[in-house]
Amino acid sequence: MRRERGIIIAIDGPSGAGKSTLAKELAKRLGYLQLDTGAMYRAMAWLARESGLDLADEAAVRQFSATAEIELQPLNGSSRVFANGREVTGEIRTPEISMLTSRMSALAPVRGAMTQLQRRMGDAGGVVLEGRDIGTVVFPDAELKFFLTASAEERGRRRFLELQAKGDPATLEATIQDVKQRDAQDASRDLAPLKQADDALPIDSTGLTIDEVVSLMEQAVQKTLATKGA
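Residues numbered from 1 in each chain as written. Predicted model: local features only at pLDDT ≥ 70, side-chain atom pairs only at ≥ 80, totals over all residues. Heavy atoms only, no water.

Quick word on the environment of serine 188
Here is step 1: Along the chain, the position of serine 188 falls in helix H8 (residues 172-188).
Here is step 2: Residue serine 188 is classed as exposed on the basis of its relative accessible area of 54%.
Here is step 3: Between the alpha carbons of serine 188 and glutamate 173 there is a distance of 23 Å; along the sequence they are 15 residues apart. (Helix = DSSP H or I, 4+ residues; strand = E, 2+ residues; numbered from the N terminus. Buried < 20%, exposed > 50% of the residue type's maximum accessible area, 1.4 Å probe, protein only.)

Right, dumping it as structure tokens:
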């Protein structure tokens, strides 16, 4: 199908693989809109924590998912994240929210609500979306799919440096263990588990710079655009 604004680019991969950073830079180079789906799920997890939501209460989770309002507002090549009208951009990037996000994203009502929202936001094309099931569930018909990964040690190290910069007292060993635990949760869940789409282009970013990875992705985009005449 020919989309109004360009192609849909899906970037999937495990926690800490650099998906958000790379999606942001790729979108900037292409003049596309970046939809940070991971931030959307984090905002849902933040809301759930603030409201004291019982994740074991199916009816409560369904009601919560149907009424929660998540919004992304682009700003200087990035996104401000809002949950029920409150900006939570800086509050959703904590280890606690990361683990809760993994649990929340395994719940059918949450995934259903978020999938529909993401499809509405990206269906016209000209977007870069990143997450864990973009190419397999949200947009299985995306014109270009990447599966981005790196070793757990490398992803833990990157996350540790981010936490250090924020003054978080986390240790490198604990951060690497958190990454491995998140991987296990995401890969083993029954609903939309983390996996590589059959037609995704794998990229291992271990040992590569951001610019090197984005350049590889941009080459694949240009090839896809030329093939599809977009």
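Re unusual backbone geometry
Here is step 1: One non-glycine residue, asparagine 84, adopts positive backbone phi at about 50°.
Here is step 2: By the secondary structure assignment, asparagine 84 is in the loop between strand E4 (78-83) and strand E5 (86-87).
Here is step 3: Its relative accessible area of 45% is what places asparagine 84 among the partly exposed residues.

Some points on the nonpolar core
Here is step 1: Met44, Phe64, Ile70 and Met104 are the most contacted members of the largest nonpolar core, which totals 26 residues.
Here is step 2: For this core, the secondary-structure elements that each account for two or more residues are helix H2 (37-51), helix H3 (58-67), strand E3 (70-75), E4, helix H4 (95-104) and helix H5 (108-122).
Here is step 3: The biggest single contributor to this core is H2, with nine residues.
Here is step 4: Among all residues touching methionine 44, those that are not within four sequence positions of it are Phe64, Ser65, Ala68, Ile70, Met104, Val110 and Met114.
Here is step 5: Core analysis: the second largest hydrophobic core is formed by 21 residues, Ile9, Met217, Ala220 and Val221 among them. (Core = buried A, V, L, I, M, F, W, Y, C linked by side-chain atoms within 4.5 Å. Contact = heavy atoms within 4.5 Å.)

As for the side chain of serine 205
Here is step 1: If you trace the backbone, serine 205 turns up in the loop between strand E8 (201-204) and helix H9 (210-228).
Here is step 2: Of the polar contacts made by the side chain of serine 205, one reaches the side chain of arginine 158; its length is 3.1 Å.
Here is step 3: Other than its neighbours up to four places away in sequence, serine 205 contacts Ala17, Leu148, Thr149, Ala150, Arg158 and Val213. (Polar contact = N/O pair within 3.5 Å; in protein donor to acceptor, adjacent residues only side chain to side chain.)

Brief notes about the sheet that holds strand E1 (residues 8-12)
Backbone hydrogen bonds hold the strands of a sheet together, and the pairing may be parallel or antiparallel.
Here is step 1: Taken in spatial order, the five strands make up an open sheet running E2-E6-E1-E7-E8, and their pairing is parallel. Strands with a single pairing partner mark the edges of an open sheet, and in this sheet they are strand E2 (33-36) and E8. With strand direction ignored, the average angle separating the axes of adjacent strands in the sheet is 20°.
Here is step 2: Alignment of E2 against strand E6 (residues 127-131), held across four bridges, turns out to be parallel. Bridge assignment links leucine 35 to a residue of E6, and that residue is leucine 129.
Here is step 3: Contacting E1, strand E7 (144-149) and E8, H9 crosses the sheet at an angle of about 165° to E7. (Pairing = 2+ DSSP bridges. Axes fitted to C-alpha atoms, helices over the stretch in contact; angles between N-to-C directions.)

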